[in-house]
Amino acid sequence: MTTIAMIGGTGFVGRALIARLARTNIAVRIITRNRERHRNLLVFPQVQLIEVTPHGPAALSKYFLGSDVVINLSGILNEQGPDNFQAVHAILAQNVAEACVKSGVPRLLHMCALGATPEAPSAYLRSKAEGEHIVHSVKGVETTSFRPSVIFGPHDNFFNRFAQLLRISPGFFPLACPTAKFAPVYIEDVVEAMIRTIDDKTTIGRRYEFCGPQVYTLKELVEYTASVVGLRRVIIPLDDRLSLLQGRIMERLPGRPFSTDNYLSTKVDSITNNNALPKFDITPRSIKSILPSYLGSQRKSARLSTFRLTANRD
């Protein structure tokens with residue numbers, strides 16, 4: 001049986017990948033800092049949760065031992081305490097790659113981000129680029145990396161978050177960076193491509209860009225989100241100065257829904273002319289074919305809640 005060790009497997013992409021692997025004869029070791037918090041993943045019979053902290057090469061190599069593949073999905077959108085971009089995207093990436101070599105794991109799959117370059121304006125994109133460069137530079141492990149645009153699907157942190165923010169907005173919604181461009185890519189398309197690279201020797205050393213079939217501005221995506229969940233909201237585009245101000249204000253709020261670094265990341269359009277999904281015989285699915293299936297249910301729930309409130313008033 002093939003064994004995969006996974007870092008960052010408790011997140012959005014990791015959970016989708018685990019669910020997809022559940023249909024195969026593959027054992028999965030999830031390396032996590034808090035085993036109890038993610039015990040629900042044990043519903044998959046082939047999953048093993050292993051609590052490891054800190055994530056140094058020695059500790060990781062111990063639990064990578066016997067694995068055929070390591071998948072590194074670690075990533076953060078905002079810094080908080082010790083979880084800063086450099087630590088998570090670069091230092092941890094190096095620790096993972098070196099641990100692969102120490103434990104004799106031959107294969108490493110690494111998640112990067114579309115638009116990541118050393119010259120990028122945001123620390124998020126620069127650190128992602130640094131981590132990707134590191135893992136491809138480590139000798140003794142065969143690495144493939146992935147650079148998706150924003151990933152969507154049930155439980156995503158993009159459309160679901162905007163739906164939530166739109167729901168609590170008072171009829172209008174001030175939107176930072178409205179002209180930023182994205183080509184949202186469906187989670188199932190991404191994980192399927194990742195799985196197909198595992199045994200494909202031609203993918204070793206490659207960096208694959210993934211995107212959906214259509215490019216949208218952020219304003220268009222937020223407007224579409226509002227329509228799917230059945231909300232009438234006036235979207236107010238903010239200029240650069242006000243967008244930056246919104247980032248500086250909102251990064252001080254609990255949960256940091258938007259930050260200065262997020263603002264800087266939108267200066268790089270998350271699109272590509274070199275979409276690798278067709279190379280894996282995968283036809284990218286659009287947001288219009290998928291989004292209503294999970295956000296549309298929120299629209300029904302909202303209507304039901306309104307009905308109940310009206311009934312209670314009577």
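From a predicted model like this one, the values you see are computed outputs, not experimental measurements.

Caption draft 1: Local environment of the packing of aromatic side chains. Throughout the structure, instances matching the rule amount to ten aromatic pairs. Seen from their ring centres, phenylalanine 152 and tyrosine 186 are 5.5 Å apart, and the 35° between their planes marks the pair as tilted. Residue phenylalanine 152 is located in strand 7 (residues 151-152), and its partner tyrosine 186 is located in strand 10 (residues 185-186); the two are separated by 34 residues in the primary sequence. Using a relative accessible area of 0% as the deciding quantity, one classes phenylalanine 152 as buried. Looking at tyrosine 186, the relative accessible area reads 11%, which means it is buried. Ring centres of phenylalanine 210 and phenylalanine 280 lie 6.4 Å apart, and the angle between their planes is 75°; this geometry places the pair in the edge-to-face category. In this pair, phenylalanine 210 is assigned in strand 11 (residues 207-210) and phenylalanine 280 in the loop between helix 9 (260-265) and helix 10 (287-313), connecting sequence segments 70 residues apart. A single burial state applies to phenylalanine 210 and to phenylalanine 280, both of which are buried. Taken together, the aromatic side chains of Phe152, Phe158, Phe159, Phe162, Phe173, Phe182 and Tyr186 make up a single cluster linked through ring pairs. Here lysine 288 stacks its cationic end above the ring of tyrosine 224, 5.9 Å away from the centre of that ring.

Caption draft 2: Expanded view of the confidence of the model for the protein. For the protein, per-residue confidence averages 93 on the pLDDT scale, and 95% of positions sit at 70 or higher. pLDDT under 50 marks residues 300-314. Its contacts with residues more than four places away, or in other chains, come to zero contacts.

Caption draft 3: Focus on unusual backbone geometry. At the junction of threonine 53 and proline 54, the peptide bond is cis and its omega measures out at -5° in the coordinates. The backbone of cysteine 177 sits at a positive phi, close to 55°, despite the residue not being glycine. Residues other than glycine seldom take positive phi values, yet aspartate 281 does so here, at roughly 60°. If you trace the backbone, aspartate 281 turns up in the loop between helix 9 and helix 10.

Caption draft 4: Summary view of the environment of cysteine 100. Take cysteine 100: it is sitting in helix 3 (residues 85-103). On the basis of relative accessibility, which here comes to 0%, the residue cysteine 100 falls in the buried class. Taking C-alpha positions, cysteine 100 is 6.4 Å from serine 61, a pair spaced 39 residues apart along the chain. In contact with cysteine 100, not counting residues within four places along its chain, are Phe64, Val70, Val105, Leu108 and Val141.

Caption draft 5: Inspection of the sheet that holds strand 6 (residues 142-148) at higher detail. Strand order in the open sheet formed by seven strands is 3-2-1-4-5-6-11, with parallel pairing between adjacent strands. Only two strands of the sheet have a single neighbouring strand rather than two, namely strand 3 (47-51) and strand 11. Along the sheet, successive strands turn relative to each other by an average axial angle of 20°, direction set aside. The pairing of strand 1 (residues 2-7) with strand 4 (residues 69-72) spans four bridges and is classified as parallel. Bridging from a neighbouring strand, isoleucine 7 pairs with asparagine 72 of strand 4.

Criteria and cut-off values
- Residues numbered from 1 in each chain as written.
- Predicted model: local features only at pLDDT ≥ 70, side-chain atom pairs only at ≥ 80, totals over all residues.
- Heavy atoms only, no water.
- Phe/Tyr/Trp six-rings, centres within 6.5 Å; stacked < 30°, edge-to-face > 60°.
- Helix = DSSP H or I, 4+ residues; strand = E, 2+ residues; numbered from the N terminus.
- Buried < 20%, exposed > 50% of the residue type's maximum accessible area, 1.4 Å probe, protein only.
- Lys NZ or Arg CZ within 6 Å of the ring centre and 35° of its normal.
- pLDDT = per-residue confidence, 0-100.
- Contact = heavy atoms within 4.5 Å.
- Pairing = 2+ DSSP bridges.
- Axes fitted to C-alpha atoms, helices over the stretch in contact; angles between N-to-C directions.

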